Amino acid sequence: MPRKKPFSAKQKKRQLQDKRERKRGPLEAGRSESNSRSESRERGEENTDTSDSESIRPQVRRINQQPHIVRPGEKGYDPNRYRLHFDRDSKEEIERRKKIAQEKILEPVTEAELEVDIEKIYRPGSVLDFPKRPAWGYEMSKEAVLSQEEKAFREYLQKIYENHSPRELSYFDHNLETWRQLWRVLEMSDVILLITDIRHPVLHFSPALYDYVTKDLGRSLILVLNKTDLCPPSLVVAWKHYFQTKFPEVHVVCFTSYPRHPEDEQDPSSVFKKRRKRRRVWSSALGPNQLLRACEVITAGKVDLTSWRRKIERDSAALCNPANDRAESIVDSGDAVLSQQISEAELGTPSRELYKDGVLSIGCVGFPNVGKSSIINGLVGRKIVSVSRTPGHTKYFQTYFLTPTVRLCDCPGLIFPSLVDKQQQVSAH
């Protein structure tokens, strides 16, 4: 019997990569064949990007690769159209960081050193802005509009990299397709929810977006401090006071989709007890009442929001009824939430009309993984939007009718350019 040929771990890895490539099928022309680092080294080339920013920053890292099978003669949806595109660090920069990590002795830093000044990292009024949609008209063709947007986006990136080196810049999205999703949500929304993580809200609050929404668009902005269950109440109050003082036109709302149970807070040893895993009751979210009151102040009676208030009261009554052990099923059997299909013409309608047809449109925007989709599920009272711990899970904006007079828009997460330290930025997500 002949001896078996040795099979190394590297060969096994290569075999699995080839198997995945066969499952994906032939890729579209113009796209790289693989994102594997080993294959890139074997070909002696860098894994470059084919987005609109290629002429400005050719080294772009694309993450969250989704398998894509293209059958001959079939034009299907591209699942990688809205992937997160970030600037790829050079080999020299990576080696420099490795050397610093090997030589530097880690020491605890003071709380003052951990503080971040929002004016310094975003520099309002400078080139560290966010790309805005250029003006267009209905007399323009679709190709002309897209070409104009691509040109404006290239110029936007050009200005940033002319004034700042890649080393001092934070990671920010280079994918024009995702920024187009933000443009559409801003244009079709009457009220913008800027959702931030309460643990580091300064990193997630763009002053440029605040100025654009409140001044250029003339819309109202509600800042949602999400995940308040992860912080002590004193910190929540401090952040609320900070933003209300520094940005007077913003409405601040505290929210959590996963409130803690009072017994868990009183008994620390309860974390060691094994409990039967129960299905998430989204209607137990804390914050819908605050958000409703903020919208009532903004609309000033121009939109009938009584159906929203009745929904909140009905959900609360179902959850607070101790005699009913099937509260979850009652909440789930409530009013159906309708998903709306938006036409291409309506996506780009530059309308200044507020509360069209008596409907309040609420757009949810923010950085990836701050909980935009979870907030929508908490407002609805059940899971209608898929959520994930992986940033960038939502690929394109989606609209849902919470009530006949309230429409919710879930926008993909976008990282705005800033000067925050990359290591701090990564740890914050």
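Predicted model only: the values in this text are computed from it and were never measured.

Undergrad: Explain the nonpolar core to me, using residue names and the numbers behind them.
TA: In terms of nonpolar packing, the biggest core is built from 83 residues, with Leu182, Ile222, Phe243, Trp308 and Phe416 touching the most fellow members. For this core, the element with the most residues is helix H7 (residues 176-188), which contributes seven residues. Dropping the residues within four chain positions of it, Phe416 is found in contact with Tyr122, Phe130, Ser170, Tyr171, Phe172, Trp179, Leu182, Ser206, Leu209 and Phe367.

Undergrad: Explain the environment of Leu169 to me, using residue names and the numbers behind them.
TA: Following the sequence through the fold, Leu169 ends up in the loop between helix H6 (142-163) and H7. Here Leu169 falls in the buried class, since its relative accessible area comes to 2%. For Leu169 and Lys422, which are 253 residues apart along the polypeptide, the C-alpha to C-alpha distance reads 7.7 Å. Beyond its immediate sequence surroundings of up to four residues, Leu169 is in contact with Leu128, Ile160, Tyr161, His164, Ser418, Leu419 and Lys422.

Undergrad: Mind laying out the confidence of the model for the protein chain, listing which residues take part and the relevant values?
TA: Averaged over the protein chain, the pLDDT score is 76; the fraction of residues at 70 or greater is 70%. For the protein chain, helix H2 (residues 37-43) is the element with the lowest average pLDDT, namely 37, and strand S4 (residues 220-226) is the one with the highest, namely 95. Here residues 270-279 is a poorly scored stretch, pLDDT under 50, and it has eight contacts once near neighbours within four places are set aside; other chains count. With pLDDT under 50 throughout, residues 341-349 is counted as low confidence; its partners more than four residues away or in other chains account for 15 contacts.

Undergrad: So what's going on with the packing of aromatic side chains? Residues and values would help.
TA: Following the criterion strictly, the structure yields 15 aromatic pairs and no others. When the ring of Trp239 is compared with that of Phe243, the centres are 5.9 Å apart and the planes differ by 35°; the resulting orientation is tilted. Of this pair, Trp239 and Phe243 are both found in helix H10 (residues 233-246), four residues apart, which corresponds to roughly one turn of the helix. Given a relative accessible area of 0%, Phe243 falls into the buried group. Ring centres of Phe243 and Phe247 lie 6.2 Å apart, and the angle between their planes is 25°; this geometry places the pair in the stacked category. The same class applies to Phe243 as to Phe247, namely buried. Through pairs of rings, three or more aromatic residues link up here, namely Phe205, Tyr210, Trp239, Tyr242, Phe243 and Phe247. Positioned over the ring face of Phe130 is Lys132, at 4.6 Å from the centre of the ring. Lying over the aromatic face of Tyr171, Lys422 brings its terminal NZ or CZ to 4.8 Å of the ring centre.

Undergrad: If you had to explain the pattern of salt bridges to someone new, which residues and values would you point to?
TA: Per the counting criterion, the structure on display carries 14 salt bridges. Glu93 is the partner of Arg97 in a salt bridge, and the nearest nitrogen-oxygen pair spans 3.0 Å. Residue Arg97 and its partner Glu93 are located together in helix H3 (residues 91-103), separated by four residues, close to a single helical turn. Assessed through its relative accessible area of 7%, Glu93 is described here as buried. A salt bridge links Asp197 to Lys227, with the shortest nitrogen-to-oxygen separation between them at 3.4 Å.

Undergrad: Describe the side chain of Lys422, listing the residues and the values that go with them.
TA: Mapped onto the elements of the fold, Lys422 is located in helix H17 (residues 422-428). Among the polar contacts listed, one links the side chain of Lys422 to the backbone oxygen of Pro166, at a separation of 3.3 Å. Each residue touching Lys422, except ones within four places of it in the same chain, is listed here: Asp87, Asp89, Arg97, Pro166, Leu169, Ser170 and Tyr171.

Undergrad: Explain unusual backbone geometry to me, using residue names and the numbers behind them.
TA: One non-glycine residue with positive phi stands out, namely Arg123, at about 45°. Structurally, Arg123 is set in the loop between helix H5 (118-122) and H6.

Undergrad: So, the state of the cysteines: which residues are in play, and what are the values?
TA: All told, the structure shown has zero disulfides when counted by the stated rule. Here Cys409 stays unpaired: no disulfide links it, and the sulfur of Cys364, its closest cysteine neighbor, is 7.7 Å away.

Undergrad: I'd love a proper account of the pairing of strand S2 (residues 84-87), names of residues and values included.
TA: Residues Leu84 and Phe86 point to one face of S2 and His85 and Asp87 to the other, with burial holding for every one of them. Where strand S1 (residues 60-63) and S2 come together, four bridges link them in antiparallel fashion. Paired with Ile63 across the bridge in S2 is Leu84.

Undergrad: Please give an account of helix H12 (residues 288-299) that cites residues and values.
TA: Helix length check: H12 (twelve residues) gives 16 Å between terminal C-alpha atoms against 16 Å at 1.5 Å per residue, within 8%. Just past H12, the residue Ala300 takes up positive phi, approximately 55°.

Undergrad: How would you sum up the packing of H6 against H7? Please name residues and give values.
TA: Running from N to C, H6 and H7 cross one another at 110°; their axes reach a closest spacing of 11 Å. Our classification of the angle between H6 and H7 gives roughly perpendicular. Counting all contacts with H6, which are made through Leu146, Glu149, Glu150 and Phe153, the residues of H7 involved are Leu176, Trp179, Arg180 and Trp183. Looking at the contact of H6 with H7 residue by residue, the class counts come to five nonpolar, no polar and three charged.

Undergrad: Describe the pairing of strand S5 (residues 250-254), with residues and values.
TA: Where burial is concerned, most of S5 is hidden: four out of the five residues are buried. Sheet topology places S4 next to S5; five bridges connect them, and they run parallel. By the bridge assignment, Leu225 is partnered in S5 with Cys254. Regarding the hand of the β-α-β motif, the stretch spanning S4, H10 and S5 is right-handed.

Undergrad: Tell me what's going on with helix H16 (residues 372-380), and back it up with residues and numbers.
TA: Across the nine residues of H16, nine count as buried, placing the element largely inside the fold. Of the residues making up H16, those classed as buried are Lys372, Ser373, Ser374, Ile375, Ile376, Asn377, Gly378, Leu379 and Val380. Directly beyond the C-terminal end of H16, a positive phi value near 100° is found at Gly381.

The rules behind these values
Residues numbered from 1 in each chain as written. Predicted model: local features only at pLDDT ≥ 70, side-chain atom pairs only at ≥ 80, totals over all residues. Heavy atoms only, no water. Core = buried A, V, L, I, M, F, W, Y, C linked by side-chain atoms within 4.5 Å. Buried < 20%, exposed > 50% of the residue type's maximum accessible area, 1.4 Å probe, protein only. Helix = DSSP H or I, 4+ residues; strand = E, 2+ residues; numbered from the N terminus. Contact = heavy atoms within 4.5 Å. pLDDT = per-residue confidence, 0-100. Phe/Tyr/Trp six-rings, centres within 6.5 Å; stacked < 30°, edge-to-face > 60°. Lys NZ or Arg CZ within 6 Å of the ring centre and 35° of its normal. Salt bridge = Lys/Arg side-chain N within 4 Å of Asp/Glu carboxyl O. Polar contact = N/O pair within 3.5 Å; in protein donor to acceptor, adjacent residues only side chain to side chain. Disulfide = S-S within 2.5 Å. Pairing = 2+ DSSP bridges. Expected span 1.5 Å × (residues − 1). Axes fitted to C-alpha atoms, helices over the stretch in contact; angles between N-to-C directions. Parallel < 35°, antiparallel > 145°, perpendicular 65-115°, else oblique. Nonpolar A, V, L, I, M, F, W, Y, C, P; charged D, E, K, R; others polar. Right-handed = clockwise from strand over helix to strand, strands pointing away.

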